[in-house]
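# A structural walkthrough
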Amino acid sequence: SSDLDFGFSEYRIQPVGTVPFIHANARPANPGPVGGNVRVASFNVLNYFSTVDPNTGPSGYICGPAANQECRGADSALELTRQQDKLVQAILTLDADVLGLIEMENHASDTAVTTLIAALNAVAGPGTYAHISAFPLGTDAIKAAIIYQPANVTPIGAFMADNSPIHNRPPLAQTFQLVSNGERFTLVVNHFKSKSCTGATGGDVDTG
């Protein structure tokens, strides 16, 4: 049974008893096999910052390549530990040979990436994961990053990044070679910046 409710200028039907559900499309425990001999994935780490946000307003803008931007990550050491533990578990479960990360702290010394690698290897074993050393990258407080499993793939040559001023989050590219058969592939990690229409003119004005 249900009641008719009115609020926020709209009518709504509100259930007042137990609503029965038939679970007809259960999520599988694991994705089905897709073949191939290399596993590549992308992962939004949701503002993983090893720098804890001091929460002091503009006076605490200590993040970004020039240490003058707002920190976007954890607000406490406890929150950082919780975030990192979840990321480590998720990344290990993915078990990708190469993983493109977005929303990684863009630190002048790449501390966030090396901290995450250390946390992964503390669980998976020394040397299980490594990263492409690309820092700082662009001008934003966050950047793209690439981590990989050296036992399965080897970086070939230097990374490439499009450092055009139009990108405050430059795309990051790296070629890898499979240890198993010598085949090569190139991964490009890109994080398109969210855009607002503030101050837009002409054809860029929000049309609704």
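Scroll up to find the structure.
As a convention, each chain's residues are numbered from 1 in the sequence order in which they are written. Owing to the predicted nature of the model, reporting of local features is limited to residues with pLDDT of at least 70; listing and counting of side-chain atom pairs is limited to 80 or more, with chain, interface and lining totals taken over all residues. Side-chain calculation: all heavy atoms of the structure are included, whereas hydrogens and water are not.

With that out of the way, let us pick up the pairing of strand S4 (residues 98-105). Regular strands have side chains that alternate between both faces of the sheet. Most of S4 sits inside the fold, with eight of its eight residues counted as buried. Note on pairing: DSSP must find at least two bridges between two strands before they are called paired. The secondary structure listing takes helices from DSSP runs of H or I that are at least 4 residues long and strands from runs of E that are at least 2 residues long, numbered from the N terminus. When strand S3 (residues 40-48) meets S4, the two strands line up parallel, connected through six bridges. Its bridge partner lying in S4, phenylalanine 43 is registered against leucine 101. Whether a residue is buried, partly exposed or exposed follows from its accessible area with a 1.4 Å probe, protein chains only, as a fraction of its type maximum: under 20%, in between, or over 50%, in that order.

Another point: the sheet that holds S4. Think of a sheet as strands paired side by side through backbone hydrogen bonds, with each pair either parallel or antiparallel. The four strands lie next to each other as S3-S4-S6-S5, forming an open sheet whose pairing is mixed. The open sheet is flanked by S3 and strand S5 (130-131), the only strands paired with a single partner. Throughout, a contact is declared for two residues whenever any of their heavy atoms are within 4.5 Å. Angles shown run from 0 to 180 degrees and are taken between the N-to-C directions of axes, each axis being a line fitted to C-alpha atoms and, for helices, limited to the stretch in contact. Of the strands in this sheet, S3, S4 and strand S6 (142-148) are in contact with helix H1 (residues 77-94), which crosses S3 at around 175°. Packed on one face of the sheet, helix H2 (residues 111-124) meets S3, S4, S5 and S6 and runs near 130° to S4.

Moving on, we come to the nonpolar core. The nonpolar core is taken to be a set of buried Ala, Val, Leu, Ile, Met, Phe, Trp, Tyr and Cys residues, with the residues joined through side-chain atoms within 4.5 Å. In this structure, Leu101, Met104 and Leu116 are the most contacted members of the largest nonpolar core, which totals 22 residues. If you list the elements that add at least two residues to this core, you get S3, H1, S4, H2 and S6. Here this core takes six residues from H2, the largest share from any one element. Within the second largest apolar cluster, 16 residues are counted, among which are Ile132, Leu137, Ala144 and Phe176.

With that out of the way, let us pick up the packing of aromatic side chains. In this analysis, rings of Phe, Tyr and Trp, with Trp reduced to its six-membered ring, are considered paired at centre separations within 6.5 Å, and the interplanar angle assigns stacked below 30 degrees, edge-to-face beyond 60, and tilted for intermediate values. A complete count under the given rule lists three aromatic pairs for this structure. Put simply, the rings of Tyr148, Phe176 and Phe185 touch in pairs and so form one group of aromatic residues.

Attention now moves to a nonpolar patch on the surface. Only residues whose relative accessible area exceeds 30% and that take part in no salt bridge are eligible for patches, with like-charged residues grouped when within 9 Å of each other and nonpolar side chains (Val, Leu, Ile, Met, Phe, Trp, Tyr) grouped when within 5 Å. Per-residue and other accessible areas were derived by the Shrake-Rupley procedure at a 1.4 Å probe size, with only the shown protein chains allowed to occlude residues. What makes a salt bridge here is a side-chain nitrogen of Lys or Arg within 4 Å of a carboxyl oxygen of Asp or Glu, nothing more. On the surface, Leu4, Phe6, Tyr11 and Ile13 cluster together into a nonpolar patch covering about 540 Å² of accessible area. Contributing elements (two or more residues each) for the nonpolar patch: strand S1 (2-7) and strand S2 (10-15). Residue placement: leucine 4 occurs in strand S1.

What follows is about the sheet that holds strand S7 (residues 153-161). What the three strands build is an open sheet, ordered S7-S8-S9; its pairing is antiparallel. Lying at the two open borders of the sheet, with one neighbouring strand each, are S7 and strand S9 (184-189). Direction aside, neighbouring strands of the sheet carry axes that sit 20° apart on average.

Read these as spatial facts, not as claims about activity.
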